[in-house]
Amino acid sequence: MLEAFVALVPVLDHWEVREIGGREVIDALVAPGHRARGGTASPALAAALAAWPGAHYWADADRGHLVLIRPLAAGRRERWGLHTLLFLLTVLCTLGAGAALLGRWDPWVTVSPGSATAWPVVGAFLGALADGLRFFVTAAAGGWRAMLAGWTFAVPLLAILLVHELGHYFTARRYAVDASPPFFLPLPPTLSPIGSLGAFLRLRSPVLDRRQLLDIGAAGPLAGFVVAFGVLVWGYATSRVPAYAGAAWHDLHGPYVLLAGQVLPLGDSLLTLALRHLVAPGAPALHLSAPAFAGWVGAFITGLNLLPLSQLDGGHVLYAVLGPRQRTVALLAVVGLLLLAQLNWSWYVWVVLALLIGGGRWSHPSVVVPDRPVTGARRWLGWLCALVFALTFVPVPFRI
């Protein structure tokens, strides 16, 4: 490391070295003759940066403010066995959910033991636990073969979730932020129609400034949205308008799926509303294909993550752009969600989950250097995330 820093000394005017979260951070002022012009640096600076054993970026290229970061210790050993097991279990659960969606396998053929107890809450919990265990036993006994039919739902959904998390992961690594690989959260299709609670990763070292926070927070939903949009186009093109027959269909409108023969009506975002009218103009309802439902779920999760609350992706992005003023927007978002809960009770659940993720706060915690603003050239990422949120947010997710 000493040789790499010695190579930088001739191109720097001043520098300050700090140790933050197991990393060495150097705030440097580049000499005027070596500063970035048009996004490039002088040959001497470029050569010195190429030899630097870590990350670097311009905090303010016009003023020559350069930030250099390097880890002080070797990378920690990851628990790849745990990550792999969780991913494989999620693959199995989403395959089961997809097969159930297609009517190729019925995970609900059981009598829940919940009715066998005088305590309904305890009974419901025991019933859910029994159903979940039964799913894995059934799969291990050969039922996984029938579940393979659900790949048209499982593969696109897992692609959306994986790309979302990898967007966070690789951007964090770009800034030498210690990030874990993604943790996937499987949930048996007896308990969830999508077979998963999503995925997450842990940032194990503090985020230095709002520039880092913006890029890391925005990378996941933007990357995931690109995949979700492609899946939605494919899925909606393969969906079909139902044949209306009987009084049971008279009130059916909007997108829906069938689960165990029961209709699950879904809400529309601006994006899915536009796609629905594009592929089935004038039709009051659309029966979503398996990939369409995967795209709907992926877009819905993207919109949820972009809510400007606590430590959701939207909270990261908004704090990066607005700083402490994020708490005001977050409070308004909480009020708005509580109003939407009068239309659909599930928003109470999302509000509670968002607050739990943020440690009971709707505001975002400070970064290490909160006073360093995001430069105008990067603020477009915030506007792009706002656009994606507007396209994917579903005011009434489930019309039940």
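Thresholds, definitions, all that
Residues numbered from 1 in each chain as written. Predicted model: local features only at pLDDT ≥ 70, side-chain atom pairs only at ≥ 80, totals over all residues. Heavy atoms only, no water. Helix = DSSP H or I, 4+ residues; strand = E, 2+ residues; numbered from the N terminus. Buried < 20%, exposed > 50% of the residue type's maximum accessible area, 1.4 Å probe, protein only. Contact = heavy atoms within 4.5 Å. Areas by Shrake-Rupley, 256 points an atom, 1.4 Å probe, with all protein chains shown as cover. Axes fitted to C-alpha atoms, helices over the stretch in contact; angles between N-to-C directions. Parallel < 35°, antiparallel > 145°, perpendicular 65-115°, else oblique. Left-handed = near helix turned anticlockwise from the far one by under 90°. Nonpolar A, V, L, I, M, F, W, Y, C, P; charged D, E, K, R; others polar. Pairing = 2+ DSSP bridges. Core = buried A, V, L, I, M, F, W, Y, C linked by side-chain atoms within 4.5 Å. Expected span 1.5 Å × (residues − 1). Patch = residues over 30% accessible without salt bridge, like charges linked within 9 Å, V, L, I, M, F, W, Y side chains within 5 Å. Salt bridge = Lys/Arg side-chain N within 4 Å of Asp/Glu carboxyl O. Bend = angle between axes of the 7 residues up to and from the residue. Polar contact = N/O pair within 3.5 Å; in protein donor to acceptor, adjacent residues only side chain to side chain. Phe/Tyr/Trp six-rings, centres within 6.5 Å; stacked < 30°, edge-to-face > 60°. Lys NZ or Arg CZ within 6 Å of the ring centre and 35° of its normal.

**Details of the overall build of the protein chain**
Next up, step 1: Counting its secondary structure elements, the protein chain contains twelve helices and nine strands.
Next up, step 2: Here the protein chain holds 400 residues, and the buried ones make up 50% of them.
Next up, step 3: Looking at the protein chain alone, contacts between residues at least 24 apart form 73% of all its contacts between residues at least 6 apart.
Next up, step 4: Roughly 18,900 Å² of accessible area belongs to the protein chain as shown, and the carbon and sulfur atoms make up 68% of that amount.

**A few points about the packing of helix α8 (residues 290-305) against helix α12 (residues 380-392)**
Next up, step 1: Axis separation between α8 and α12 bottoms out at 8 Å; the angle between their running directions is 130°. Looking at the two axes, α8 sits oblique to α12. As for how α8 packs across α12, the hand of that crossing is left-handed. In this structure, α8 contributes Ala299, Phe300, Thr302 and Gly303 to the contact, and α12 contributes Val388, Phe389 and Thr392.
Next up, step 2: Of the residues contributing to the contact of α8 with α12, the split by class is four nonpolar, three polar and no charged.

**Some points on the sheet that holds strand β9 (residues 285-287)**
Next up, step 1: In spatial order, the strands read β8-β7-β9; together these three strands make up an open sheet with mixed pairing. Each having just a single partner strand, β8 (262-265) and β9 make up the two edges of the open sheet. Strand-to-strand twist in this sheet, taken as the mean axis angle between neighbours without regard to direction, amounts to 35°.
Next up, step 2: As defined by bridge partners, strand β7 (residues 254-259) adjoins β9 across three bridges and the pair is classed as parallel. By the bridge assignment for β9, Gly254 is matched with Ala285.

**Some words on the sheet that holds strand β3 (residues 55-60)**
Next up, step 1: Strand order in the open sheet formed by four strands is β1-β2-β4-β3, and the pairing between neighbours is antiparallel. At either margin of the open sheet sits one strand with a lone partner, and together these are β1 (12-20) and β3. Ignoring strand direction, the axes of neighbouring strands in this sheet form an average angle of 20°.
Next up, step 2: In this structure, β1 lies alongside strand β2 (residues 23-30), joined through eight bridges in antiparallel fashion.

**Things to note about the nonpolar core**
Next up, step 1: With 63 residues, the main nonpolar core has Phe153, Phe293 and Leu309 as its most contacted residues.
Next up, step 2: In this structure, Phe153 is in contact with Thr94, Ala97, Gly98, Leu101, Pro193, Ile194, Ala290, Phe293 and Ala294, ignoring residues within four places of it in sequence.
Next up, step 3: Listed in part, the 17 residues of the second largest apolar core include Ile20, Tyr169, Ala176 and Leu208.

**Regarding helix α10 (residues 326-340)**
Next up, step 1: With 15 residues, α10 should cover 21 Å at 1.5 Å per step; its first-to-last C-alpha distance of 21 Å lies within 8% of that length.
Next up, step 2: Against α9 (313-322) and α11 (346-357) lie the buried residues of α10.

**As for the packing of helix α6 (residues 210-237) against α9**
Next up, step 1: Between α6 and α9, whose axes approach to 8 Å, the crossing angle comes to 145°. Considering only the axes of α6 and α9, their crossing is left-handed. On the side of α6, the interface is formed by Arg210, Leu213, Leu214, Gly217, Ala218 and Pro221, while α9 contributes Asp313, His316, Val317, Tyr319, Ala320, Val321 and Leu322.
Next up, step 2: A breakdown of the residues in the contact of α6 with α9 according to their chemical character gives nine nonpolar, two polar and two charged.

**Comments concerning a nonpolar patch on the surface**
Next up, step 1: A surface patch of nonpolar side chains, amounting to about 680 Å² of accessible area, comprises Leu338, Trp345, Tyr348, Val349, Val352, Leu353 and Leu356.
Next up, step 2: The element that contributes the greatest number of residues to the nonpolar patch is α11, accounting for five residues.
Next up, step 3: For Val349, the location among the structural elements is in helix α11.

**A short note on α6**
Next up, step 1: In this model, α6 (28 residues) spans 40 Å end to end at C-alpha, consistent with the 40 Å of a helix rising 1.5 Å per residue.
Next up, step 2: At Ala219, α6 shows its maximal kink, close to 30°; a proline, Pro221, follows between one and four residues later.
Next up, step 3: Counted residue by residue, α6 has 20 buried out of 28 residues, so it is predominantly covered.
Next up, step 4: One side-chain oxygen of the residue at the start of α6 lies 3.3 Å from the amide nitrogen of Arg211, identifying that residue as Asp209.

**Describing the packing of aromatic side chains**
Next up, step 1: Evaluated as defined, the whole model comprises 13 aromatic pairs.
Next up, step 2: A network of ring pairs unites the aromatic residues Phe153, Phe293, Trp296, Phe300, Trp350 and Phe398 as a single cluster.
Next up, step 3: Geometry around Tyr175 places Arg174 over its ring, the cationic atom sitting 4.9 Å from the centre.

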